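Each chain, letter by letter, is given below.
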Amino acid sequence: MTLDPATSATITSYRPQNAPPEWNHICGHVRMLVAASADRSPYRVERLLTATTRLAMWCHRSGLPDDPEVWLRHETIDAFILTGCTDLAPSSAQTYRSWLRHMRATLAWLERGEQPPPPMKAAKKVSPPYSLAQLGRLRGWAECLPGQARGDALALMALAFGCGLTSGEVAAVRTGHLRRLACGAIVVTVPGTERLIVCRAAWEDVLARAADQPGDPFVFRPGRAARHAKNLFSSWTARHTPTGGLPALSVRRLRSSWIVELLSARIDLGVVAAAAGMSASALARYQHFVPALDEPTAVALLRGRPDEQVR
């Protein structure tokens, strides 16, 4: 196969930082594997080189043969993830596993009749949304908080329930990321994303007030200097517990509520998925929270309007 010059140069010149002596024994196999799979892989070649090198080093130090076929066996990859990636976060280790599994499949070794391996983790569970009554009461509680606590609570709800942002995105948004359109809508430009995120109309006033603040502070907890403050949300919610038996504010539950609200409004799945940064199929996990349509509404949707018919 023929690789573009830049990719080829990246592979041939690759050498890990502080490469140990055994690198010279395995470098040829590492580069061969990456070169053979790079043009059919959705992953960046630098990432493939890092993961493959780490796997090869672990195999060599574990006494396994310096043989790519041995390296990419299912059992070898799983053992590497379980014992050779303990310094990584679980999500990072699973990402390495996905890259290596894809490399194996790309090289067509699954054609030997081997069955695909079972997943190493259970299907993701979604946080249940708040009920409409809870959301209304939580906003009322937030409105009654004193001083900065009021602004923080409303900002948290506006970003997570009004815009469907994740925890990391809520933490990252500054007032400079808020933009008001001529129609009055508030658009949020989250760092590192290209999604079209439009605040729900009921929460526009909260973000509009934030956008008018001088400087460029964070929208949630503007007094902090660091984007990734330790225990950013848990420390705040621990100090501000809703009264009247209401559940605590949770970014995940607020985002779930946003998704369910959009799905309940029968907004196009592709639009919801794009705004949420998810696949349309992933939205199926929320579907059991969406109330069924009553018969008159279902009939009207299925029937359509006369002017929509082809003439």
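Further up the page is the structure itself.
Cut-offs and rules
Sequence positions are assigned chain by chain, starting from 1 and proceeding in written order. Given that the model is predicted, a residue must reach a pLDDT of at least 70 before its local features are reported, and side-chain atom pairs must reach 80 or more before they are shown or counted; all residues, however, enter totals for whole chains, interfaces and linings. Computation of side-chain values covers all heavy atoms of the structure but excludes hydrogens and water. Cavities and pockets were defined on a 1 Å grid built over protein atoms only: a cavity is a set of grid points that admits a 1.4 Å probe from which the probe cannot escape, a pocket is an open set flanked by protein on both sides within 12 Å along at least five of seven lines, and lining residues are those with an atom within 4 Å of any such point. Grid points are joined across faces, edges and corners, and a volume is the space filled by probe spheres set on the points. Each helix corresponds to a stretch of at least 4 residues labelled H or I by DSSP, and each strand to a stretch of at least 2 residues labelled E; elements are numbered beginning at the N terminus. Under the convention adopted here, Pro, Cys and the residues Ala, Val, Leu, Ile, Met, Phe, Trp and Tyr are nonpolar, Asp, Glu, Lys and Arg are charged, and Gly plus all remaining residues are polar. Each salt bridge in this description consists of a side-chain nitrogen of Lys or Arg and a carboxyl oxygen of Asp or Glu lying within 4 Å of one another. Accessibility here uses a 1.4 Å probe with only protein chains present; expressed as a share of the type maximum, an area under 20% marks a residue as buried, one over 50% as exposed, and anything in between as partly exposed.

J.: Just to check I follow, could you spell out the layout of surface pockets for this structure?
T.: Picture a little ball the size of a water molecule; that probe, rolled over the atoms, points out where space is still empty. Estimated volume of the largest pocket: approximately 480 Å³. Taken together, 15 residues make up the lining of the largest pocket; nearest its centre are Lys125, Arg252, Arg255, Arg285 and Tyr286. Take the lining of the largest pocket: its biggest share by element is four residues, from helix H12 (residues 251-264). Across the lining of the largest pocket, the residue classes break down as six nonpolar, four polar and five charged. Considering only enclosed or pocket space, the second largest pocket measures out at about 310 Å³ in volume. Gln148, Gly151, Ala210, Gln213 and Val219 are, among the 17 residues lining the second largest pocket, the residues nearest its centre.

J.: What exactly am I supposed to notice about the pattern of salt bridges here?
T.: Between side chains of opposite charge, pairing is possible as soon as their charged atoms come close. Under the defined criterion, the tally for this structure stands at twelve salt bridges. Between Glu22 and Arg61 there is a salt bridge; the shortest N-O distance is 2.6 Å. Here Glu22 is found in the loop between helix H1 (5-13) and helix H2 (23-37), whereas its partner Arg61 is found in helix H3 (residues 45-61), with 39 residues between them in sequence. We note a salt bridge from Glu261 to Arg200, for which the minimum N-O separation is 3.0 Å. Of this pair, Glu261 sits in helix H12 while Arg200 sits in the loop between strand E3 (197-198) and helix H10 (204-211), placing them 61 residues apart in sequence. Taking the relative accessible area as the measure of exposure, Glu261 reaches 27% and is therefore partly exposed. For Arg200, a relative accessible area of 26% puts it in the partly exposed group. What you see here is one network of salt bridges that share partners, running through Arg139, Glu143, Arg150, Asp205 and Arg209.

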